[in-house]
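Architecture and fold: a report
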Amino acid sequence: MSSASEEPFRNASVPLVTPGDLRVILRTRDGVPVEARYEPCVKGPGDTAIVVAHGFTGSVDRPAVRRAAGVFAQRAAVVTFSFRGHGRSGGRSTVGDKEVLDLAAAVEWAHSLGHSRVVTVGFSMGGSVVLRHAALHGDGVGGAGGAGVDGGAGGAAGTGSAGSRSAASRSAASRSGGSVQAVAAVSSPARWYYRGTAPMRRLHWVVTRPLGRLVGRFGLRTRIHTEEWDPVPLSPVDAVPMIAPAPLLIVHGDRDPYFPLDHPRMLAAAAGAGAAELWVEPGMGHAENAAGDELLGRVGEWLMRPEGA
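Residues numbered from 1 in each chain as written. Predicted model: local features only at pLDDT ≥ 70, side-chain atom pairs only at ≥ 80, totals over all residues. Heavy atoms only, no water.

Let us look at helix α6 (residues 210-219). Turning to α6, its buried residues are G212, R213 and G216. Projected down its long axis, α6 shows its buried positions confined to an angular sector of 100°, all on one face. Turned more than 90 degrees away from the buried face of α6 sit P210, L211, F218 and G219, all of them exposed. Among the structural elements, α5 (198-208) are those in contact with the buried residues of α6. The positive-phi residue at the C-terminal boundary of α6 is R221, with phi of around 55°. (Buried < 20%, exposed > 50% of the residue type's maximum accessible area, 1.4 Å probe, protein only. Helix = DSSP H or I, 4+ residues; strand = E, 2+ residues; numbered from the N terminus. Arc of directions from axis to C-beta. Contact = heavy atoms within 4.5 Å.)

Below is the structure:
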């Protein structure tokens, strides 16, 4: 991973905690440039940085992402970034597969800026990515790890056809790339290839059909990879049991039009008794666009809780 000058962050000279607003281009382990932004905590320097992973078609400069970053910055420093294929980042979206590498680059950058405690919060696709990243990178609660790793599935991906979860998807990523101390997933799917709602059927059309990908590129400003997943990456529900001992929060709206409540309940059950908190939010829709400031504030407070509290 490197900055715009392609010098490794681990060799860079940085203050103990960087005080100012920064915009950089990170480079993932598979060479994709990823735009990222760092905002210090408005209350002054601190140990914690919150890394925000947006949903599909989002980006670092989308209003909902900026609003969430503003709420979180009241409590800690914030790193936001655009997943590959989104915003000014390079590459093409693999809809949750290799995006783990993008998050790993952002987490390592946060550690390199002097933050000893880095936590993640993801929305929708970003929610699935923070779950998989926590399972496949680092060692739960502990110090920073090394650089990012190869993709969680080991290959370019799409979501075109169903397939069984491959054991290779569990072993393709080594546990490195910067560990995180707490994880919050908002509006995350539990399993792949879900088509049980009209919005998800439309999303699959966008991702899997040539005309749909044109709509994604020019209508949704999202560049989508043309290849299917091979092998199928570790699913969120299979990743959740691997996250402990890092604290895990699962947040879902009871009016989510994309994923019904069996998704968050499945994730919470997979974590095991007492290993995850589940918040079902009355009246809430889907992801960052539906998360109000009050909910974002509560999520931020949860992320700031000391481990084990």
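Turning our attention to the nonpolar core. Grouped together as the largest cluster of nonpolar side chains are 48 residues, with contacts concentrated most on V51, F81, L131, V183, I243 and L248. Ignoring any residue separated from it by four or fewer positions in sequence, one finds F81 in contact with V34, E35, A36, V51, V52, A53, H54, V60, D102, L103 and A106. In terms of nonpolar packing, the next biggest core, distinct from the first, is built from 26 residues, A73, V121, L296 and W302 among them. (Core = buried A, V, L, I, M, F, W, Y, C linked by side-chain atoms within 4.5 Å.)

Our focus in this paragraph is the side chain of R37. Among the secondary structure elements, R37 is positioned in strand β2 (residues 33-39). Residue classification places R37 among the buried residues on the basis of a relative accessible area of 17%. There is a polar contact of 3.2 Å between the side chain of R37 and the side chain of D21. Those residues in contact with R37 that lie beyond four places of it in its chain are D21, L22, R23, V60, R66, V78, V79, T80 and W109. (Polar contact = N/O pair within 3.5 Å; in protein donor to acceptor, adjacent residues only side chain to side chain.)

Attention now moves to the pattern of salt bridges. Pairing of side chains with opposite charge becomes possible as their charged atoms draw close. If you walk through the whole model with that rule in mind, you get 15 salt bridges. Between E35 and R88 there is a salt bridge whose closest N-O contact spans 3.9 Å. Of the two residues, E35 is situated in strand β2 and R88 in the loop between β4 (77-81) and α2 (99-112); the sequence distance between them amounts to 53 residues. For E35, a relative accessible area of 6% gives the class buried. (Salt bridge = Lys/Arg side-chain N within 4 Å of Asp/Glu carboxyl O.)

Moving on to the side chain of H225. For H225, the position within the fold is in the loop between α6 and α7 (236-239). Among the polar contacts made by the side chain of H225, one reaches the main-chain amide nitrogen of E227 at a distance of 3.2 Å.

Within strand β3 (residues 48-53), six of the six residues are buried, which leaves it mostly tucked inside the rest of the structure. Side chains of β3 alternate between two faces, with T48, I50 and V52 and A49, V51 and A53 buried alike. Of the strand pairs in this sheet, β3 and β4 are connected by four bridges, and their pairing is parallel. Directly across from I50, in β4, lies its bridge partner V78. Assessed by its sense of winding, the connection that carries the chain from β3 through helix α1 (residues 63-72) to β4 is right-handed. (Pairing = 2+ DSSP bridges. Right-handed = clockwise from strand over helix to strand, strands pointing away.)

The alternating pattern of strand β6 (residues 183-186) places V183 and A185 and A184 and V186 on opposite faces, both of which are buried. In this sheet, β6 lies alongside strand β5 (residues 117-123) in parallel orientation, the contact comprising four bridges. Directly across from G122, in β6, lies its bridge partner A185.

Once that is clear, we can look at the packing of aromatic side chains. Tallied over the entire structure, the rule returns five aromatic pairs. With 5.0 Å between their ring centres and 85° between their planes, F81 and F83 make a pair best called edge-to-face. Comparing F81 with F83, the two get one shared label, buried. Note that R217 overlies the ring of F218, its terminal NZ or CZ placed 6.0 Å from the centroid. (Phe/Tyr/Trp six-rings, centres within 6.5 Å; stacked < 30°, edge-to-face > 60°. Lys NZ or Arg CZ within 6 Å of the ring centre and 35° of its normal.)

Read across the sheet, eight strands follow the order β1-β2-β4-β3-β5-β6-β7-β8 without closing on themselves; strand pairing throughout is mixed. Each edge of the open sheet is held by one strand with a lone partner, namely β1 (22-27) and β8 (277-281). Taking each pair of neighbouring strands and ignoring which way they run, the sheet shows an average axis angle of 20°. Bridge analysis of β1 against β2 gives six bridges, and the strand direction is antiparallel. Bridged to L22 within β2 is Y38. (Axes fitted to C-alpha atoms, helices over the stretch in contact; angles between N-to-C directions.)

In this fold, G122 is placed in strand β5. Linking G122 and V51, residues 71 residues apart in sequence, is a C-alpha distance of 8.4 Å. Ignoring any residue separated from it by four or fewer positions in sequence, one finds G122 in contact with A53, G127, V130, A184, A185 and V186.

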